[in-house]
Amino acid sequence: MTKLHIGTLALASALALPAQAQTEVQWWHSMGGALGEWVNDLAKDFNASQKDYKIVPTFKGSYDESMTAAIAAFRAGNAPHILQVFEVGTATMMASKNAIVPVGEVMKKAGVTFDPNAYVPAVAGYYTAPNGQMLSFPFNSSTTVFHYNKDAFKAAGLDPEKPPTTWPEVALAAAKLKTSGHKCPFTTSWVSWTQLESFSAWHNTEFATKGNGMRGIDARLTFNSPLHVRHIENLANMAKNGLFVYKGRGNAADATFVSGECAMVTGSSALYGNVKRNAKFASGIGALPYYPDVPGTPQNTVIGGASLWVMSGKKEADYKGVAQFFAFLSRPEEAAKSHQRTGYLPLTKASYELTEKSNFYKHNPGTDVSVTQMIRKTTDKSRGIRLGNFVQIRTINDEELEQVWAGKKSAKEALDTAVKRGNEQLERFEKANKS
Amino acid sequence: MEKRVLFRSAWLPWLLIAPQMTIILVFFFWPAGQALHQSVLQQDAFGTTAAVFVGLENFRQLFSDPTYLASFKTTAVFSLLVASLGLLIALLLAVMANRVVRGAPVYKTLLIWPYAVAPVVAGVLWLMMFASPYGVVAYALQQMGLPWDHLLNANHAMALIVMAAVWKQISYNFLFFLAGLQSIPHSMIEAATIDGATPWKRFWSIVFPLLSPTTFFLLVINVVYAFFDTFAIVDAVTHGGPGKETAILVYKVYYDGFKAQDMGGSAAQSVVLMIIVIALTVVQFKYVEKKVNY
């Protein structure tokens, strides 16, 4: 009898030990394809570097799909620990104060060293509350750049090493590409982001009042100013002459660049990974074009991409794991590796310097364009755009601009309507979140 | 001729329909009740702050939104096209398939297959055929001189989603029409032929009236399909664009609820949609059923 007792006790204790060893931290993200592999590698490396916590990344679909899933899960009481939310969802997350735990607080409670100043200002500033506390972890930030097909340039008689830097130059290059037989000289993805939001910051002009919404939720839209109307009119003319071909909402146009169908595209810097892997032509990256006669341009562009939010209602021990994971991601070598692999911006100033010192930018020309566009000092008008109901506002802009490209509305009409409809969304957000 | 079954016990009929009733209660009445409840509330996305009772505010906002009112017209056009095309083409195919003697099972299988395809898959399928740069049909159309552009041309976009929606539904309608046709007694058709009726006359005076129960049933089903089950196609193909030209009512419900996180507004829209479809069904039963010969 005693032998059986001792034996059972020994077995039980042997089984009990592994069960206490690792705390699981659930991470829901929207990175598919090559970026999904990057996420899985990050989790693998972190899990291998220590024994207390295990990060479990789960792909939950596109950005809005995973946000919807997380909201439903939160209401049911089983939200993940970490949720990747795209930049347009920031205001919604910020307004849901009881659903999230600010990153600054998570790091402090866990006792992990955390210096908000180590992060690239244009990036971290976007995810910081007016009182200076960092709310979410700036995981993958991209910005708007200009991708172009070097082979198509050569065939059209343009210098492949000199991408157009101003919008008039883009129109000229497009005309040359068209005469050389190219059916789609110029297109754009994320129309609202590239042609209205980033365009505004690049030209040091406001997209919305109150510093583009950074200073209060009573901001209202201002992107129907004469400069914006002028730009959309130019694009509309280009569309009429077949120089600008609309290829759909979101990033539907990206595929047309990678396939070689369209020669120039304004889009995310994170398209770089896809282009490097799949494009069968030499490609280059230039800065976002601007209008040289506007004072204060080029200023800086706005970020895209997403950040990591920490959901509330979890155990204290779990948050320690989250804090350690964020600290791991912020290590200079880790952040530099991620930046070089994906085309997303470097997380910290240290990772940027590390990448520069390793001559990465020299060997991969164009990869530093996104960084130089963002590392500039920001002004009050260019720090970033943070508006409520931003998802709807982007869709409204998509819809109104489609009417312009189809020739059904003038630029001024469309922008005025978009501002009116967008302001209704902002009013509703303000009313629903007055606290 | 109406069939009536007589039950002697008081509780057996209830027990027999209980499983079906449970399913209807759980999957229709309960969510519908929740939608009604949510439509008079305004809540934030995560539900962490208490929901505020706003009465009919959500409904008022809906009806003062010009894009919502435009959506009614879009939905009406879309449903009309889908229901009528679906029924006409399926009827034609059923009549033709009914006459085939050799290889009939092959034709029938091929015509019924598309029903097994999920709506979103059907949408993507048609999108692939028509979308440039990889769209075979789009390329062919452009070679023939037709500038196909479903991204910017509202009519092209509408045509594309109608095609995808109809393609899927034809199989379902075909199945029922074929069964209906085969249940028509041959003796009647032979009698009409002997009396010298042309095929055209035979069809309209004998076949079609005897097919009317099936047609009526399919009309109701097709209208409900066009209103509700087609949102996946719209989402996969046009996202309601260009502009808002293909944003049918049910797409707007999905968008406002799941993308814009506006639960109250979305619930209000589903309530309106439910009322519309109930009204349409009631109208159909009251007026069209009179013309059906059982």
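Rules behind the numbers
Residues numbered from 1 in each chain as written. Chains lettered and ligands numbered in written order. Predicted model: local features only at pLDDT ≥ 70, side-chain atom pairs only at ≥ 80, totals over all residues. Helix = DSSP H or I, 4+ residues; strand = E, 2+ residues; numbered from the N terminus. Buried ≥ 20, exposed ≤ 12 C-beta atoms within 10 Å, placed from the backbone. Contact = placed C-beta atoms within 7 Å. Axes fitted to C-alpha atoms, helices over the stretch in contact; angles between N-to-C directions. Parallel < 35°, antiparallel > 145°, perpendicular 65-115°, else oblique. Left-handed = near helix turned anticlockwise from the far one by under 90°. Domains from an automatic or database assignment. Nonpolar A, V, L, I, M, F, W, Y, C, P; charged D, E, K, R; others polar. Arc of directions from axis to C-beta. Pairing = 2+ DSSP bridges. Expected span 1.5 Å × (residues − 1). pLDDT = per-residue confidence, 0-100.

Peer 1: Looking at this structure, how should I read the overall build of chain A?
Peer 2: Within chain A one finds 20 helices and 9 strands. Here the C-alpha coordinates of chain A stretch approximately 95 × 50 × 35 Å along the principal axes. In chain A, which comprises 435 residues, the proportion classed as buried is 51%. Long-range pairs, those at least 24 residues apart, make up 75% of the contacts in chain A with a sequence separation of at least 6.

Peer 1: How should I be thinking about the overall build of chain B in this particular structure?
Peer 2: Counting its secondary structure elements, chain B contains 12 helices and 2 strands. The secondary structure elements of chain B, listed N-terminal to C-terminal, are α-β-β-α-α-α-α-α-α-α-α-α-α-α. Overall, chain B is about 75 × 70 × 30 Å in size when its C-alpha atoms are taken along their principal axes. By residue count, 32% of the 294 residues in chain B fall in the buried class. Residue pairs in contact within chain B that sit at least 24 positions apart in sequence constitute 70% of those at least 6 positions apart.

Peer 1: Explanation requested: the environment of S71(B) in the structure shown.
Peer 2: Residue and element names in this part refer to chain B. In this fold, S71 is placed in helix 3 (residues 66–99). The exposure class of S71 is buried, given the 22 C-beta atoms found within 10 Å. A C-alpha to C-alpha distance of 20 Å links S71 and S84, two positions 13 residues apart in sequence. Apart from the residues lying within four places of it in its own chain, the contact partners of S71 are A247, I248, L249 and K252.

Peer 1: Any chance you could explain the packing of helix 19 (residues 390–405) of chain A against helix 20 (residues 411–432) of chain A here in plain terms?
Peer 2: Two quantities define a packed helix pair, namely the angle between the axes and the distance from one axis to the other. Residue and element names in this part refer to chain A. Two numbers describe how helix 19 lies on helix 20: the axes approach to 9 Å, and their chain directions differ by 160 degrees. Compared by their axis directions, helix 19 and helix 20 come out roughly antiparallel. Regarding helix 19 and helix 20, the two cross each other, and that crossing is right-handed. Contacts from Q392, I393, I396, N397, E400, L401, Q403 and V404 in helix 19 reach A411, A414, T417, A418, R421, G422 and Q425 in helix 20.

Peer 1: Even after reading the chapter, I still don't get the domain arrangement of chain A, so can you show me in this structure?
Peer 2: Size of an interface: often given as the accessible area lost when the parts come together. All names here are of chain A. What the domain assignment reports for chain A is domain 1 (13–141 + 303–363) and domain 2 (143–302 + 382–432). Taking only C-alpha atoms, the centre of domain 1 and the centre of domain 2 are 29 Å apart. Facing the 19 residues of domain 1 at the interface are 21 residues of domain 2. Among the elements that line the side of domain 1 that touches domain 2, the one with the most residues is helix 4 (residues 90–95), at 4 residues. In terms of residue class, the side of domain 1 that touches domain 2 is built from 11 nonpolar, 7 polar and 1 charged.

Peer 1: Just checking my understanding: could you explain the interface of chain B and chain A for this structure?
Peer 2: Tallying the contact residues gives 19 residues for chain B and 26 residues for chain A. Among the residues forming the side of chain B that touches chain A, the class breakdown is 8 nonpolar, 8 polar and 3 charged.

Peer 1: Honestly, helix 13 (residues 271–278) of chain A in this entry has me stumped. Any pointers?
Peer 2: What sets the pattern is the α-helix's 3.6 residues per turn: residues three or four places apart point alike. Residue and element names in this part refer to chain A. Of all the residues in helix 13, the buried ones are L271, Y272 and V275. Within helix 13, the buried residues cover an arc of 100 degrees as seen down the axis, which keeps them to one side. Across helix 13 from its buried face, at more than 90 degrees, point the exposed residues R277 and N278. Turning to helix 13, the residues buried within the fold contact strand 5 (137–149), helix 12 (254–258), strand 7 (262–268) and strand 8 (283–286).

Peer 1: Looking at this model, I keep getting lost on unusual backbone geometry. Mind explaining?
Peer 2: All names here are of chain A. Following T297, the chain continues into P298 via a peptide bond in cis, with omega recorded as -5 degrees. Mapping P298 onto the fold places it in the loop between strand 8 and strand 9 (303–311). The phi angle at N204 is positive, at roughly 50 degrees, despite the residue not being glycine. Here N204 lies in the loop between helix 9 (191–202) and helix 10 (209–212). The exposure class of N204 is partly exposed, given the 18 C-beta atoms found within 10 Å. In this model, N212 sits at a positive phi of 60 degrees, which is unusual for a non-glycine residue. Inspection of the secondary structure puts N212 in helix 10.

Peer 1: Can you walk me through the pairing of strand 9 of chain A in this structure?
Peer 2: Two faces belong to every sheet, and in a regular strand the side chains alternate between them. All names here are of chain A. In terms of burial, strand 9 is largely enclosed, as 9 of its 9 residues are buried. Neither face of strand 9 is open: one carries I303, G305, S307, W309 and M311, the other G304, A306, L308 and V310, and all of them are buried. In this sheet, strand 9 lies alongside strand 3 (residues 82–86) in antiparallel orientation, the contact comprising 5 bridges. In the sheet register, I82 faces strand 9, and the bridge partner there is V310. The pairing of strand 4 (residues 100–101) with strand 9 spans 2 bridges and is antiparallel. Opposite I100, over in strand 9, you have M311 as the bridge partner. Inspection of the sheet shows strand 5 paired to strand 9 by 5 bridges, in the antiparallel sense. Bridge pairing in strand 9 links S142 to G304.

Peer 1: Explanation requested: helix 11 (residues 226–240) of chain A in the structure shown.
Peer 2: Residue and element names in this part refer to chain A. Taking 1.5 Å as the rise per residue, helix 11 with 15 residues should run 21 Å; its terminal C-alpha atoms sit 21 Å apart, in good agreement. The complete set of buried residues in helix 11 reads H228, H231, I232, L235, A236 and M238. Along the long axis of helix 11, the arc covered by the buried residues comes to 160 degrees, so they all point the same way. Counted as exposed and oriented over 90 degrees from the buried face of helix 11: P226 and K240. Taken together, the buried residues of helix 11 touch helix 8 (167–179), strand 6 (184–188), helix 9, helix 19 and helix 20. Phi for G242, located one or two positions after helix 11, is positive at around 75 degrees.

Peer 1: When you look at the confidence of the model for chain B in this model, what are you seeing that I'm missing?
Peer 2: Low pLDDT means the predicted atomic positions in that stretch should not be read closely. When pLDDT is averaged across chain B, the result is 85; 97% of the residues are at 70 or more. The ipTM assigned to the predicted complex is 0.71, against a pTM of 0.80.

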